[in-house]
Amino acid sequence: MYPVDNHAYMLLALFFGILEANMLKNPQSVEFIANEVHKVGDLSTASGDVLVYSQSYLVTAPRATYHHKNEIIELFDDVNILQNNAEATHSKYAKINVKTNEIITDTAFLMDQSKELWLQSEQICSNDDRIDLNKSIVSSCNVKDPDWHIEYEKGVYDKKGKYLSLYNSVFYGNLPLFGQTPLMYLPYFGFSTDKTRRTGFLVPSIGYSK
């Protein structure tokens, strides 16, 4: 597990707020800048402090490519993404479809501070409406040694409904003397991430008694 660097997150959040204010006049605009950019045919290659931003997201990486014909941006190595000033993702690779606003990240760690949740996933596919997750871990506890976490094969997060659905999942608890221990298999489990009062399951918590 590797958390998003807090200093990097604060810088991204500050810069995102400034850019968001500046781009309200043209919400569909996507800007792509770097120290060095070389274009050969339909492909542009960028390196050194690569920055990609729009009204929806801000991305930094050491290097990237842009396919002009299909409007696909690929980012490599230390990729940091901030979406909607709340969702911070760190990964080794990301692909952005400029036309559809879809973002795919591999071997990624995602933290949503507004919902007090973190996710670690082999692949995250995010668009304006939902997030699809494959072979992932979710928790709201300490990243290094969580009191509980859920491992699952597939997950879907409904951004508008603020509801996380998990499939083929196993609930783990951090038990004294035993550490992280599987406690329950759940073919399906879902819970709301909305902090306002509503029906449904809440984010799980775990405790011990004498």
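About the thresholds
- Residues numbered from 1 in each chain as written.
- Predicted model: local features only at pLDDT ≥ 70, side-chain atom pairs only at ≥ 80, totals over all residues.
- Heavy atoms only, no water.
- Core = buried A, V, L, I, M, F, W, Y, C linked by side-chain atoms within 4.5 Å.
- Buried < 20%, exposed > 50% of the residue type's maximum accessible area, 1.4 Å probe, protein only.
- Helix = DSSP H or I, 4+ residues; strand = E, 2+ residues; numbered from the N terminus.
- Contact = heavy atoms within 4.5 Å.
- Salt bridge = Lys/Arg side-chain N within 4 Å of Asp/Glu carboxyl O.
- 1 Å grid on protein atoms, 1.4 Å probe; cavity = no way out; pocket = protein on both sides within 12 Å on 5 of 7 lines; lining within 4 Å.
- Points joined across faces, edges and corners; volume = space filled by probe spheres on them.
- Nonpolar A, V, L, I, M, F, W, Y, C, P; charged D, E, K, R; others polar.
- Polar contact = N/O pair within 3.5 Å; in protein donor to acceptor, adjacent residues only side chain to side chain.
- Phe/Tyr/Trp six-rings, centres within 6.5 Å; stacked < 30°, edge-to-face > 60°.
- Pairing = 2+ DSSP bridges.
- pLDDT = per-residue confidence, 0-100.

**Examining the nonpolar core**
What tends to happen in soluble globular proteins is that the nonpolar side chains get buried as a cluster.
Here's step 1: With 19 residues, the main nonpolar core has Leu133, Val138, Ile150, Tyr152, Leu164 and Leu166 as its most contacted residues.
Here's step 2: For this core, the secondary structure elements donating two or more residues are β7 (102-112), β8 (117-126), β9 (130-139), β10 (148-158), β11 (163-175) and β12 (179-192).
Here's step 3: The dominant element in this core, judged by the number of residues it contributes, is β10, at four residues.
Here's step 4: Not counting residues up to four positions away in its chain, the partners in contact with Val138 are Leu117, Trp118, Leu119, Trp148, His149, Ile150, Tyr152, Leu164 and Leu166.
Here's step 5: Counting residues in hydrophobic clusters, the runner-up holds 16 residues, among them Ala46, Val79, Ala94 and Ile103.

**Quick notes on the pattern of salt bridges**
Here's step 1: Throughout the structure, instances matching the rule amount to three salt bridges.
Here's step 2: Note that Asp129 and Lys160 form a salt bridge whose closest N and O atoms lie 3.2 Å from each other. Note that Asp129 is positioned in the loop between β8 and β9 and Lys160 in the loop between β10 and β11, a separation of 31 residues in sequence.
Here's step 3: By relative accessible area, which is 39% here, Asp129 ends up partly exposed.

**Some remarks on empty space enclosed by the protein**
Here's step 1: In this structure the tally under the stated criterion is three cavities of 30 Å³ or more.
Here's step 2: The computed volume of the largest cavity comes to approximately 110 Å³.
Here's step 3: If you trace the largest cavity, you find it lined by Glu87, Leu110, Asp112, Lys115, Leu117, Trp118, Leu119, Ile131, Val138, Tyr157, Leu164 and Thr193.
Here's step 4: Residue assignment for the lining of the largest cavity shows that the elements contributing at least two residues are β7, β8 and β9.
Here's step 5: Tallying contributions element by element places β8 first for the lining of the largest cavity, with three residues.
Here's step 6: Here the residues of the lining of the largest cavity are counted per class, giving eight nonpolar, one polar and three charged.

**Section: the side chain of Thr193**
Here's step 1: Take Thr193: it is sitting in the segment after β12.
Here's step 2: A relative accessible area of 6% places Thr193 in the buried class.
Here's step 3: In this structure the side chain of Thr193 is engaged in a polar contact, spanning 2.8 Å, whose partner is the side chain of Tyr157.
Here's step 4: With sequence-adjacent residues up to four places away left out, Thr193 is seen in contact with Lys115, Leu117, Tyr157, Lys162 and Tyr163.

**Quick notes on the packing of aromatic side chains**
Here's step 1: Enumeration over the complete set of coordinates arrives at five aromatic pairs.
Here's step 2: For the ring pair Tyr167 and Tyr188, a centre distance of 5.3 Å and an interplane angle of 55° mean the geometry is tilted. Residue Tyr167 is located in strand β11, and its partner Tyr188 is located in strand β12; the two are separated by 21 residues in the primary sequence.

**Focus on the environment of Tyr163**
Here's step 1: Topologically, Tyr163 is positioned in strand β11.
Here's step 2: Sequence separation between Tyr163 and Gly190 is 27 residues, and the spatial gap between their C-alpha atoms is 7.1 Å.
Here's step 3: At 3.2 Å, the side chain of Tyr163 forms a polar contact with the backbone oxygen of Gly190.

**Thoughts on the pairing of strand β4 (residues 57-67)**
Here's step 1: Two elements, strand β3 (residues 43-53) and β4, share nine bridges in a ladder whose sense is antiparallel. Within β4, the residue paired with Thr45 across the bridge is Thr65.
Here's step 2: In sequence, β3 turns back onto β4 through a hairpin of three residues.
Here's step 3: As defined by bridge partners, β4 adjoins strand β5 (residues 72-83) across nine bridges and the pair is classed as antiparallel. Each residue of the ladder has a partner; that of Tyr57, found in β5, is Gln83.
Here's step 4: The loop that links β4 with its antiparallel partner β5 comprises four residues; one of these, Glu71, has a positive phi angle of about 55°.

**Here's the deal with the confidence of the model for the protein**
Here's step 1: Of the residues in the protein, 79% have a pLDDT of 70 or more, and the chain-wide mean is 80.
Here's step 2: This stretch, residues 1-27, has a pLDDT under 50; its non-local contacts, to residues over four places away or in other chains, come to 47 contacts.
Here's step 3: Low confidence marks residues 205-210, where pLDDT is under 50. Its contacts with residues over four positions away, or in another chain, come to nine contacts.

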